[in-house]
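Observations on chain architecture
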Amino acid sequence: MNFHVLTLFPDMILSGLETSITGRAILAGTISLEAVNIRDYTVNKHKKVDDYPYGGGAGMLMQAQPVYDAWEDVEKKIHQRRSIAADESLDGQSDEAKKTRVIYLTPQGTTFHQRMAKELAKEEDLIFLCGHYEGIDERVLQEIVTDYVSIGDYVLTGGELPAMVMIDAIARMVPGVLSNQESGETESFSNYLLEYPQYSRPEVWREQKVPDFLLSGDHKKIEEWCSEQSLEKTRQLRPELYEKWAVENQEYFDKKAKREERQRKKLLKQLKKQTQI
Ligand code: ADE
């Protein structure tokens, strides 16, 4: 999967993402990352990329020309690469004609979520457009943007951090990026639930003991305990996610009720036996 970021601050993107897990994936070639400096495309002799907005208003706007030319260059290269790949492939098929999705980071966009990350991870290429100052001339947005995305209801100084957040979340859904492919699926939000609490050595730290269940060695019991913890944590911290999960997983509660009923009956039987003696 190939990420292309159109930005005025390419170093910010590269230094953030060429680190840790995404950095390892870039080195391994599982994903690629290119940060394109929009300023390199301005035709202004002073390298200016912004100007005052018509009609007045605070701040400056990024102009259409350098943004469009930077996008056009990236899109052309993607198509060239795809047509070479199509020529080389035996069946001659490729997504050559497909237009690459262009994501504009803006607080006015649709709020980013895990399902979106999973869906975007299926694309071969993604272009991210990072705005700065008061935004970008509307005409170029109309021309090239396919998705308007926000990472939350707050305003940041530019689109670079949101692009990095999105790329990190998308990259970890790309097969081979995480060392254990399972973890991408089972962790938080893959089914609305938060992760259960986890513990490592030592067994006792500042007089707090690791829950007995985790030390029991009984894998079925541990699994049950983890699910219960995960549900309880979600119910307390994110009740709206818990409700969604509960609606879609009614059978979990049915099974749990049956299990508890069996346990109650077993206990009752034991008690009766004891009183008979
Ligand atoms: N640019 C500025 N604030 C933003 C946000 N919250 N999400 C996406 N892009 C932004």
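Rules used throughout
Residues numbered from 1 in each chain as written. Predicted model: local features only at pLDDT ≥ 70, side-chain atom pairs only at ≥ 80, totals over all residues. Heavy atoms only, no water. Core = buried A, V, L, I, M, F, W, Y, C linked by side-chain atoms within 4.5 Å. Buried < 20%, exposed > 50% of the residue type's maximum accessible area, 1.4 Å probe, protein only. Helix = DSSP H or I, 4+ residues; strand = E, 2+ residues; numbered from the N terminus. Contact = heavy atoms within 4.5 Å. Expected span 1.5 Å × (residues − 1). Near = heavy atom within 4 Å. Polar contact = N/O pair within 3.5 Å; in protein donor to acceptor, adjacent residues only side chain to side chain. Nonpolar A, V, L, I, M, F, W, Y, C, P; charged D, E, K, R; others polar. Pairing = 2+ DSSP bridges. Salt bridge = Lys/Arg side-chain N within 4 Å of Asp/Glu carboxyl O.

Turning our attention to the nonpolar core. Counting residues in hydrophobic clusters, the biggest one holds 29 residues, and the most contacted among them are Phe3, Phe128, Met166 and Ile170. Contributing elements (two or more residues each) for this core: β1 (2-7), α1 (10-17), β5 (101-111), α4 (114-120), β6 (125-129) and α6 (160-171). Among the elements that take part in this core, α6 stands out by supplying seven residues, more than any other. Not counting residues within four places of it along the chain, the set of residues in contact with isoleucine 170 comprises Met1, Phe3, Phe112, Ala117, Leu120, Ala121, Leu126 and Phe128. Val36, Val49, Tyr104 and Val140 belong to the second largest nonpolar core, which has 21 residues in total.

With 25 residues, helix α3 (residues 64-88) should reach 36 Å at 1.5 Å per residue; the first-to-last C-alpha distance of 36 Å fits that figure. Within α3, burial applies to Ala64, Pro66, Val67, Ala70, Trp71, Val74, Glu75, Ile78, Arg82, Ser83 and Ala86. Buried-residue contacts for α3 involve β1, β2 (32-37), β4 (61-62), β5, β6 and α5 (138-144).

Below, the discussion takes up the site of the ligand. Near the ligand you find Leu105, Thr106, Pro107, Val149, Ser150, Ile151, Gly152, Tyr154, Val155, Leu156, Gly158 and Pro162, and these make up its full shell. Between the ligand and the protein, one listed contact pairs a nitrogen atom with a backbone N or O atom of glycine 152 at 3.1 Å. Tyrosine 154 is positioned such that a nitrogen or oxygen atom in its backbone is 2.7 Å from a nitrogen atom of the ligand. The dominant element in the shell around the ligand, judged by the number of residues it contributes, is β5, at three residues. For the shell around the ligand, the class distribution of residues is eight nonpolar, four polar and no charged.

Let us look at the pairing of β6. Burial analysis of β6 places five of its five residues in the buried class, which makes it a mostly covered element. Of the two faces of β6, the one carrying Asp125, Ile127 and Leu129 and the one carrying Leu126 and Phe128 are both buried. Summarising the sheet, β1 and β6 pair through five bridges and their orientation is parallel. Note on β6: the bridge partner recorded for valine 5 is phenylalanine 128. Pairing geometry for β5 and β6, over four bridges, is parallel. Of the residues in β6, the one forming a bridge with arginine 101 is leucine 126.

Attention now moves to the pattern of salt bridges. Under the counting rule described, the total for this entry stands at 21 salt bridges. Across the pair glutamate 124 and arginine 82 runs a salt bridge whose closest N-O atoms are separated by 3.7 Å. One end of the pair, glutamate 124, is in the loop between α4 and β6; the other, arginine 82, is in helix α3, and 42 residues separate them in sequence. Put simply, glutamate 224 and lysine 220 hold a salt bridge, and the shortest N to O gap is 3.9 Å. Of this pair, glutamate 224 and lysine 220 both sit in helix α9 (residues 219-237), separated by four residues, roughly a single helical turn. Several salt bridges converge on common partners, so that one network encompasses Lys220, Glu224, Glu228, Lys256, Arg259 and Glu260.

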